[in-house]
Amino acid sequence: MSELNNNNILSAASHFDIEGDIMYIERFGSGHINDTYRVKTAVRSYLFQRINDQVFTDVAGLMENTRVVLHHLKQKLAHLGREKVEKSTLTLIPTDEGKWYYQDESDCFWRMLILLEGTKSYDIVETEAQAYAGGKAFGEFQKQLSDLEPGKLVEILPNFHNIDFRMGNLRNAIKDNVAGRVEEVQDILHYILQREERMRTILWMGNNGDLPLRITHNDTKFNNVLLDEHDRVQCVIDLDTVMPGYVAYDFGDAIRTIINSAAEDEPDTSKIILNIPLFRAYAQGYMSEASVFLTEKEMTSLLHGVFLLPFMQAVRFLTDYLNGDTYYKIHYPTHNLVRTRAQLKLVQEMELYQEELTTILEESVHV
Ligand code: NDG
């Protein structure tokens, strides 16, 4: 996507029905896909985003999904009153033509949301209370959407968590070798291929009819939960990938960030160790909401998700590295390689603690 200057951003922002004159606009957040800004007016703050239309090629479908999901969530919470609803769910601001996104002259796509003041998000979880809150937030999110017909949403990124699809992309990247980097990653490829078969369990269970398709979030990094000043859940954010999926994907992706004592892209892999108490706290928080709707087989699938998601994330980072870094935003040339190694270290650690993780999950179902 093209570089933006302040005039482009300001001019796009002026097409939305916001309250008050714009005082300033600044970069915001640490997302890898969209460009995000905070727009401050004399009245309040807004979150303003340029949607990455190379990733989300169907922007109209994406925004319609968001609208349907938000409408459903807001209806579920309506009994709590308007103020609470606005604090606990995202609110889209329409354009002055009454649309949910604006397409500018350079074909950039923009959307505006209310920025929830006084909230915090964490890239690394610090306390068990936060981990529990995160589990509860995503469990509740799935529960609230469990009566929304999956067919009401477009599968906005088809095969998003399908490991066969991701391995296929990796194989294509190896074959094309556009950046000439295949030779230097032989050890990693070997490690990945050794584990490929085992990582197909969820896909296999799903294809067998053992797992119901539900509406899932599909990007349950811990920093996609906003907490209030007392570390209570306030709102689940980043609804771009909400679509039909299996609950184990959400569980595994959350654990990927919760259990890791270091950042997703920690270059020193010796710092990547598992924080087991945080795993237990997340699992308990999740089960406190989800145990009422999960089937037995879904419960057994959760552990497979815990292994699969860091593995799949490594496959995706590595694929992007081999393709010359065209998907994720990177901050230095080997960033995707460093991210790959960090995710695989997590898989390795999880393998060491598999028995403990299994026991904790079994126990948290019965708390
Ligand atoms: C982005 C990705 C998400 C991935 C994460 C890694 C999309 C749309 O980065 O899948 O897990 O930090 O690809 N989102 O949020």
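Residues numbered from 1 in each chain as written. Predicted model: local features only at pLDDT ≥ 70, side-chain atom pairs only at ≥ 80, totals over all residues. Heavy atoms only, no water.

A positive phi angle is found at asparagine 177, which is not glycine, with a value near 45 degrees. Examined against the element boundaries, asparagine 177 turns out to sit in the loop between α5 (163-176) and α6 (186-195). By relative accessible area, asparagine 177 is classed as partly exposed at 28%. Here the phi dihedral of aspartate 231 falls at roughly 60 degrees; this positive angle occurs in a residue that is not glycine. Here aspartate 231 shows up in the loop between β8 (225-227) and β9 (233-236). Classification of aspartate 231 as buried rests on a relative accessible area of 17%. (Helix = DSSP H or I, 4+ residues; strand = E, 2+ residues; numbered from the N terminus. Buried < 20%, exposed > 50% of the residue type's maximum accessible area, 1.4 Å probe, protein only.)

Taken as a whole, the protein chain is organised into domain 1 (6-114) and domain 2 (128-364). Contact with domain 1, which involves 25 residues of that partner, is made by 25 residues of domain 2. Across the domain 1 to domain 2 interface the summed buried area is about 2300 Å²; carbon plus sulfur atoms make up 61%. Looking at the side of domain 1 facing domain 2, the largest losses of area belong to His32, Asn65 and Val69, adding up to 28% of the total buried there. Between domain 1 and domain 2 we count three salt bridges in total. Where lysine 329 meets aspartate 35, a salt bridge forms, and the shortest distance between an N and an O atom there is 2.8 Å. (Domains from an automatic or database assignment. Contact = heavy atoms within 4.5 Å. Buried area = accessible area lost by both parts, 1.4 Å probe. Salt bridge = Lys/Arg side-chain N within 4 Å of Asp/Glu carboxyl O.)

Moving on, we get to the site of the ligand. Of all residues adjacent to the ligand, which total 14 residues, the nearest are Asp219, Glu264, Gln313, Arg316 and Tyr327. Between the ligand and aspartate 219, the relevant distance is 2.8 Å, taken from an oxygen atom to a side-chain nitrogen or oxygen of the residue. By residue class, the composition of the shell around the ligand is six nonpolar, three polar and five charged. Residue contributions to the shell around the ligand reach at least three from each of two domains, namely domain 1 (6-114) and domain 2 (128-364). (Near = heavy atom within 4 Å. Polar contact = N/O pair within 3.5 Å; in protein donor to acceptor, adjacent residues only side chain to side chain. Nonpolar A, V, L, I, M, F, W, Y, C, P; charged D, E, K, R; others polar.)

Take the environment of isoleucine 202 next. Along the chain, isoleucine 202 falls in helix α7 (residues 201-207). For isoleucine 202, a relative accessible area of 1% gives the class buried. Between the C-alpha atom of isoleucine 202 and that of glutamate 183, which follows or precedes it by 19 residues, the distance is 31 Å. If we ignore the near neighbours within four places in the chain, the residues touching isoleucine 202 are Leu211, Tyr246, Ala248, Tyr249, Ser301, His304, Gly305 and Leu308.

Here the structure, examined in full by the defined rule, presents 24 salt bridges. Of the charged contacts in the structure, one is a salt bridge between glutamate 26 and arginine 38, with a shortest N-O distance of 3.4 Å. In this pair, glutamate 26 sits in strand β1 (residues 22-27) while arginine 38 sits in strand β2 (residues 35-41), placing the two residues 12 residues apart along the sequence. By relative accessible area, which is 35% here, glutamate 26 ends up partly exposed. Residue aspartate 231 pairs with lysine 120 through a salt bridge whose shortest N-O separation is 3.6 Å. Remark: lysine 120 occurs in the loop between β6 (109-114) and α4 (128-145) and aspartate 231 occurs in the loop between β8 and β9; sequence separation between them is 111 residues. One network of salt bridges, in which partners are shared, links Arg27, Asp35, Arg50 and Lys329.

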